[in-house]
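Architecture and fold: a report
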Amino acid sequence: MNKSEIPLLLEKYHQQAVTFWETIVNMGGCVSDTDAMLSLAEFLKDEFEKLGLSCSLIETGPDNPPILVGANYSEKTCQPVLFTGHYDTVFPFSAYSENRFHIDGNIARGFGVLDMKGGIAIIWLICKVLQALAADVPLKIVLAGDEESNRENCDTIRLLKEHTDNCLFAFNMETGCIDRSVCIGRKGVEEYVITTKGVSSHPGNFYERGRNAILEAAHKIVLMQALTADDFSYTINVGTIHAGTVSNIIPDLCTFKVDVRFLREKDRLYIKNELEKICALQFVEGTFTEIQSSGMLPPFETFKKEERLFDYLAAIAEKYHLPVPKKKILGGASDAAYICQTNTPVLCSMGVTGENNHSKAEYAEVSSLAERAELLLYAALDCHLFKS
């Protein structure tokens, strides 16, 4: 094996990787597109098996796509280098006719081109080069099919933890930062649905009988927003309010949704307790308030093992005269949150770089495909250094 061949091999297989990228972007799709998602899962399984991985599709539940797990080793005690991500997007297959994969200069566009089909294309390119080098690197991939959707009635999270545990280290191939930073932590997120209930009445004839649910909610919203930390390590945002019918009726119902972001689990519990205390207060006599969590994604907390992995990656970049990445903590959640709960150190946002996720303006930088692949190839090939 000659590592000096890597730049030439990346150039040799670059167009094939772009074609693979184009194919999986144009295949769609989101969790509700059952047939499209199963077709994509089978396609990915076949493609990675061609690259020497033994792959399987593991069922997660009746309504969610399977997890793709692949490996190029059979020893149960082996500690592989792990690449993770997801193959679903937020866009239904019907939308793809409007925004299929296309390239203009260094910019690739198309739904999911950045989040995160580009990351899967990097994994494909890495596997292709390792195959050409006949490199003896234990490799594993785990790709979920429902990262962008509801996981309440499926087994995905348990399976993710099971299949990502006890690896040497992991790279989650989510959207790469435009400044080439590497994500060492992410905020968790929890959404609350809060409902204030009052008494409806005519504001002209029976004003005194009314109990204004909007007014009660307004008092509480101000207090909730004020909980945000000065350093923004945890934030509270009231994002939607639904109340009232017409202006000449005192409203008896107001429902609003609160987005809570937090770097640490203890902050989540603190905010939960504070929100419940605020909801127990009464500003308008005769009203009462209900609070319910409608879903939570845990934080990707930065432990010592993640710091050590970042230091290793930075040292690899310096060793091979590549740009040394900086580290960053991001506000959006990802499946790195579940991997960091295992024994496997993980870094996130290792995919292609770009911006505007979840929109028609989403784009990725084509050059970052080979840039990221090169850095991660050296990290995989030198993994014995991380062990020591």
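Given the structure is predicted, the values throughout are model-derived calculations rather than measurements.

Another aspect to go through is the overall build of the chain. Counting its secondary structure elements, the chain contains 10 helices and 16 strands. Along the first, second and third principal axes, the C-alpha set of the chain runs to 85 × 45 × 40 Å. Within the chain, buried positions represent 53% of all 388 residues. A separation of at least 24 residues holds for 80% of the contacts in the chain among residues at least 6 apart in sequence. Summing over all exposed atoms, the chain offers an accessible surface of approximately 17,200 Å²; the carbon and sulfur share of this is 51%. Counting 37 positive and 52 negative side-chain charges, the chain places the centres of these two groups 3 Å from one another.

Two residues of an α-helix separated by three or four positions point the same way, owing to the 3.6 residues in each turn. Its 15 residues give helix H9 (residues 367-381) an end-to-end C-alpha distance of 22 Å, which sits within 8% of 21 Å, the value for a rise of 1.5 Å per residue. With 13 of 15 residues buried, H9 is to be regarded as a mostly interior element.

To continue, consider the packing of helix H1 (residues 6-26) against helix H2 (residues 34-50). Packing of H1 against H2 brings their axes to within 10 Å, and their N-to-C directions diverge by 160 degrees. Judged by the angle between their axes, H1 and H2 are roughly antiparallel. By crossing handedness, the relation of H1 to H2 is classed as left-handed. Between H1, through Phe-20, Thr-23 and Ile-24, and H2, the contact on the second element is made entirely by Leu-40, Phe-43, Leu-44 and Glu-47. Residues of the contact of H1 with H2, tallied by class, amount to five nonpolar, one polar and one charged.

Before going further, it helps to examine helix H3 (residues 113-133). Given a rise of 1.5 Å per residue, 21 residues ought to cover 30 Å, and the 28 Å separating the end C-alpha atoms of H3 matches this to within 8%. Of all 21 residues that make up H3, 19 are buried, and the element is covered over most of its length. Ala-134, located one to two residues past H3, shows a positive phi value of around 55 degrees.

Mapped onto the elements, Gly-295 comes out in strand E12 (residues 288-297). Along the primary structure Gly-295 and Ile-316 are separated by 21 residues, whereas in three dimensions their C-alpha atoms are 39 Å apart. Residues in contact with Gly-295, not counting those within four places in the same chain, are Val-189, Glu-190 and Glu-191.

The tally for this structure, following the rule as stated, stands at 12 aromatic pairs. For the pair Phe-20 and Phe-48, a centre-to-centre distance of 6.4 Å together with 80 degrees between the ring planes defines the contact as edge-to-face. Within this pair, whereas Phe-20 is found in helix H1, its partner Phe-48 is found in helix H2, the two being separated by 28 residues in sequence. Per residue, the accessibility class of Phe-20 equals that of Phe-48, and both read buried. The interplanar angle of 5 degrees and the centroid separation of 3.9 Å between the aromatic rings of Tyr-320 and Tyr-378 together place this pair among those described as stacked. Highlighted residues: Tyr-320 in the loop between helix H7 (304-319) and strand E13 (327-330) and Tyr-378 in helix H9, separated in sequence by 58 residues. Assessed through its relative accessible area of 6%, Tyr-378 is described here as buried. Feature note: the residues Phe-83, Phe-169, Phe-171, Tyr-312 and Phe-386 constitute an aromatic cluster, connected by ring pairs. The ring of Phe-386 carries the charged tip of Arg-308 above its face, separated from the ring centre by 4.0 Å.

Here is what the cut-offs are and how they apply
- Here the residue index of a chain counts from 1 through its sequence in written order.
- Reporting of local features is limited, given that this is a predicted model, to residues whose pLDDT is at least 70; pairs of side-chain atoms are given and counted only at 80 or more, and all residues count toward the totals for whole chains, interfaces and linings.
- Excluding hydrogens and water, the side-chain figures rest on all heavy atoms present in the structure.
- Strands here are runs of E lasting at least two residues and helices are runs of H or I lasting at least four, both read from the DSSP assignment and numbered beginning at the N terminus.
- Only protein chains enter the accessibility calculation, which uses a 1.4 Å probe; a residue whose area is less than 20% of its type maximum is buried, one above 50% is exposed, and one in between is partly exposed.
- Here, two residues are considered to be in contact whenever any of their heavy atoms come within 4.5 Å of each other.
- The Shrake-Rupley method, run with a 1.4 Å probe sphere, supplies the accessible areas, and residue values consider only the shown protein chains as cover.
- The charge count treats Lys and Arg as positive and Asp and Glu as negative. His and the chain ends do not count.
- A charged residue contributes its charge at one atom only: NZ of Lys, CZ of Arg, CG of Asp or CD of Glu.
- A helix is expected to reach a length of 1.5 Å times the quantity of its residues less one.
- Think of each axis as a best-fit line through the C-alpha atoms, taken over the contacting stretch in the case of a helix, with angles from 0 to 180 degrees between the N-to-C directions.
- Oblique is the label for every angle not falling under 35 degrees (roughly parallel), over 145 degrees (roughly antiparallel), or within 65 to 115 degrees (roughly perpendicular).
- For any helix crossing, the convention is left-handed if the near helix is rotated counterclockwise from the far helix by under a right angle, and right-handed if that rotation is clockwise.
- Charged means Asp, Glu, Lys or Arg here, nonpolar means Ala, Val, Leu, Ile, Met, Phe, Trp, Tyr, Cys or Pro, and polar covers whatever is left, Gly included.
- Working definition: a ring pair exists when centres of Phe, Tyr or Trp rings (six-membered ring for Trp) sit within 6.5 Å. Plane angles under 30 degrees give stacked, over 60 give edge-to-face, the rest tilted.
- Only Lys NZ and Arg CZ are tested; either one counts as a charge over a ring when it is within 6 Å of the ring centre and within 35 degrees of the ring normal.

As far as function goes, none of this settles anything; it's purely spatial.
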